[in-house]
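One-letter residues, chain by chain:
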There are 2 protein chains.
Amino acid sequence: MSIAERKQEEKQEMHQRILNAARKIFLEKGYEKTSMRNIANEINYSPGSLYFHFKDKTEIFQELQKEGFTLLLNQLKVLNSVADPFERLKASGRVFIQFAQENKDYYNLMFMVEETVKDPTETRFTIAQEAINHMCSMIRDCQQQGKFKEMDADYFTFMVISAMHGICALFCKDRTTSFINKTNEELMENGYACFVALLEKS
Amino acid sequence: MSIAERKQEEKQEMHQRILNAARKIFLEKGYEKTSMRNIANEINYSPGSLYFHFKDKTEIFQELQKEGFTLLLNQLKVLNSVADPFERLKASGRVFIQFAQENKDYYNLMFMVEETVKDPTETRFTIAQEAINHMCSMIRDCQQQGKFKEMDADYFTFMVISAMHGICALFCKDRTTSFINKTNEELMENGYACFVALLEKS
DNA sequence: CAAATTTATTAAACAGTGTTCAATTATCAA
DNA sequence: TTGATAATTGAACACTGTTTAATAAATTTG
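Treat the numbers as computed from the prediction; the structure is a model and nothing was measured.

## Describing the overall build of chain A
Item 1. For chain A, the helix and strand inventory stands at nine helices and zero strands.
Item 2. For chain A, the sequential pattern of α-helices and β-strands runs α-α-α-α-α-α-α-α-α.
Item 3. In terms of its C-alpha atoms, chain A occupies a principal-axis envelope of roughly 60 × 50 × 30 Å.
Item 4. Considering chain A as a whole, with its 202 residues, one finds that 50% of them fall into the buried category.
Item 5. Taking all contacts inside chain A whose residues are at least 6 apart in sequence as the whole, residues at least 24 apart take part in 66%.
Item 6. Once the 26 positive and 29 negative side-chain charges of chain A are each reduced to a mean point, those two points are 3 Å apart.

## Some words on the protein's contact with DNA strand C
Item 1. Surrounding DNA strand C, one finds 21 residues, the nearest of these being Tyr45 of chain A together with Arg6, Met36, Arg37 and Tyr51 of chain B.
Item 2. Here a phosphate oxygen of DNA strand C and a side-chain polar atom of histidine 53 of chain A are 3.1 Å apart.
Item 3. Separating a phosphate oxygen of DNA strand C from a side-chain N or O atom of serine 35 of chain B is a distance of 2.8 Å.
Item 4. Looking at the surface near DNA strand C, the elements that each hand over two or more residues are α1 (2-29) and α3 (50-53) of chain A together with α1 (2-29), α2 (36-42) and α3 (47-53) of chain B.

## Observations regarding the packing of aromatic side chains
Item 1. With the rule as written, the count across this model stands at 20 aromatic pairs over all chains.
Item 2. With a centroid separation of 5.7 Å and an interplanar angle of 80 degrees, the aromatic rings of phenylalanine 96 of chain A and tyrosine 107 of chain A are classed as edge-to-face. One end of the pair, phenylalanine 96 of chain A, is in helix α5 (residues 85-102); the other, tyrosine 107 of chain A, is in helix α6 (residues 104-111), with eleven residues separating them in the sequence.
Item 3. Tyrosine 107 of chain A gets classed as buried once you look at its relative accessible area, which sits at 0%.
Item 4. Ring centres of phenylalanine 86 of chain B and phenylalanine 148 of chain B lie 6.0 Å apart, and the angle between their planes is 70 degrees; this geometry places the pair in the edge-to-face category. Placement of phenylalanine 86 of chain B in helix α5 (residues 85-102) and of phenylalanine 148 of chain B in the loop between α7 (123-144) and α8 (153-172) is noted, with a sequence separation of 62 residues between them.
Item 5. Chaining the aromatic ring pairs together yields one cluster made of Phe69, Phe96, Tyr107 and Phe111 of chain A.
Item 6. One residue, lysine 182 of chain A, lies across the ring of tyrosine 155 of chain B, its end atom 5.2 Å from the ring centre.
Item 7. A cation over an aromatic ring shows up here: lysine 147 of chain B above the ring of phenylalanine 86 of chain B, its NZ or CZ 4.6 Å from the ring centre.

## Topic: the pattern of salt bridges
Residue and element names in this part refer to chain B.
Item 1. Applying the stated criterion across every chain yields a total of 18 salt bridges over all chains.
Item 2. One salt bridge in this structure joins glutamate 87 and lysine 90, with 3.1 Å as the shortest N-O distance. Taken as a pair, glutamate 87 and lysine 90 lie in helix α5 at a separation of three residues, close to a single helical turn.
Item 3. Residue arginine 140 pairs with aspartate 154 through a salt bridge whose shortest N-O separation is 3.5 Å.

## Brief notes about the state of the cysteines
Item 1. Under the defined criterion, the tally for this structure stands at zero disulfides over all chains.
Item 2. Between cysteine 194 of chain B, a cysteine without a disulfide, and cysteine 136 of chain A, which holds the nearest cysteine sulfur, the sulfur-to-sulfur distance is 11 Å.

## Structural notes on the relation of the copies chain A and chain B
Item 1. Rotating chain A by 180 degrees about the axis while translating it 0.0 Å along that axis superimposes it on chain B, leaving an RMSD of 0.1 Å. Overall, the copies show the geometry of a two-fold rotation axis.
Item 2. A share of 98% of interface residues in chain A that are also interface residues in chain B marks the association as one of identical surfaces.

## Comments concerning the packing of α5 of chain A against helix α8 (residues 153-172) of chain A
Residue and element names in this part refer to chain A.
Item 1. Here α5 crosses α8 at 15 degrees, and the two axes come no closer than 10 Å. Taken as axis vectors, α5 and α8 run roughly parallel relative to one another. Pair α5 / α8 crosses with right-handed handedness. Facing Gly93, Phe96, Ile97, Ala100 and Gln101 of α5, the residues of α8 in contact are Met164, His165, Ile167, Cys168 and Phe171.
Item 2. Residues that form the contact of α5 with α8 fall into these classes: seven nonpolar, three polar and no charged.

Calculation rules
Residues numbered from 1 in each chain as written. Chains lettered and ligands numbered in written order. Predicted model: local features only at pLDDT ≥ 70, side-chain atom pairs only at ≥ 80, totals over all residues. Heavy atoms only, no water. Helix = DSSP H or I, 4+ residues; strand = E, 2+ residues; numbered from the N terminus. Buried < 20%, exposed > 50% of the residue type's maximum accessible area, 1.4 Å probe, protein only. Contact = heavy atoms within 4.5 Å. Lys, Arg positive; Asp, Glu negative; His and termini not counted. Charge placed at Lys NZ, Arg CZ, Asp CG, Glu CD. Near = heavy atom within 4 Å. Polar contact = N/O pair within 3.5 Å; in protein donor to acceptor, adjacent residues only side chain to side chain. Phe/Tyr/Trp six-rings, centres within 6.5 Å; stacked < 30°, edge-to-face > 60°. Lys NZ or Arg CZ within 6 Å of the ring centre and 35° of its normal. Salt bridge = Lys/Arg side-chain N within 4 Å of Asp/Glu carboxyl O. Disulfide = S-S within 2.5 Å. Least-squares fit on C-alpha atoms with pLDDT ≥ 70 in both. Axes fitted to C-alpha atoms, helices over the stretch in contact; angles between N-to-C directions. Parallel < 35°, antiparallel > 145°, perpendicular 65-115°, else oblique. Left-handed = near helix turned anticlockwise from the far one by under 90°. Nonpolar A, V, L, I, M, F, W, Y, C, P; charged D, E, K, R; others polar.

Right, dumping it as structure tokens:
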């Protein structure tokens, strides 16, 4: 089966070549403005051949989405070494926002595109749920230390994620320009600091 | 000039007919999936003629965006009768979130599409800035009552808007499904309640 | 080795998109 | 009625995602 294996590897190599080209162009031009022909041209490939390796445009896109999620999760995992749960929670928000700043296009692909696939067994879903559960248990740990008392952990988690996402979402769709005389970085950093200040008083 | 006036009115009538058709289809199918031919067909018009009344597709879209903004602002204006600034602030958030729930498509058009025009004199920009200033002065009023002390009003405003927008943004892109066993309404209502609880303790 | 079969690739075609433009009709002023 | 202006049209252009029949390459089988 050595030949079949090599075949398999060659196919995966092509798979990766396509994905690399797609990543480059998707992150440059966004989902809608990237065409299958664009991706094919990038690697001197025929547009039709893409459909031999991927079902359609969304399947390519979803693989990149997955990439983004694991990239973000890896950055968050580093914080597992932070012992104090509240410190870890605060740092998680900072990492999250920094990720959005440094990977604006990934963030757009990951969180700002309408979710079409509703299959809950899909990999991206399980990753998202994992992230939410991680967040929620962090908050429960905080509660055991006396913070966020009499708050429902699930809804509180949703709120914290919403607040962080809101900051990033405004940034990623250029809706920060209406806040005059402030740079994106100032708004996001100090805005998050305000949120942290609220958390600290609770 | 009576004839010229009538002419003008007839033109504006066509302008409105197009806008009505566009609103219907944009809100049904979203920006990308709505074609100029779709809009033209809806009113038995030729696609080319649309370009006599509007520069391009984005110009039609932006008029609808403006509609959405004034619709939201009108709903918020009602709260001017609420004397206590903190009560008004809390109610504003509720109205904002309710607007997103009841006008999901408008909300997507208004806040979830990349901002291309950066002209700060554009109507939508002035409306947005008006809304932000309104929000900010409300928060300053709260501060005069002793709330949110030692917080920078501008950044605090950004944070509050972000938090509200975050809730709506997750909802509008169907990213709430990862929070299992909770409906959208439960998440948004109780999530916002958590945020209010934070505000109350500050 | 040759034939048959599987695998991979291609170009052409289909139905759709936003937009432009010359030709055409309708409307009004002189 | 003529000339000019305003409004409308359909065809065309260059693009889009996707399908498919034909082709080429590689592998398996006889």
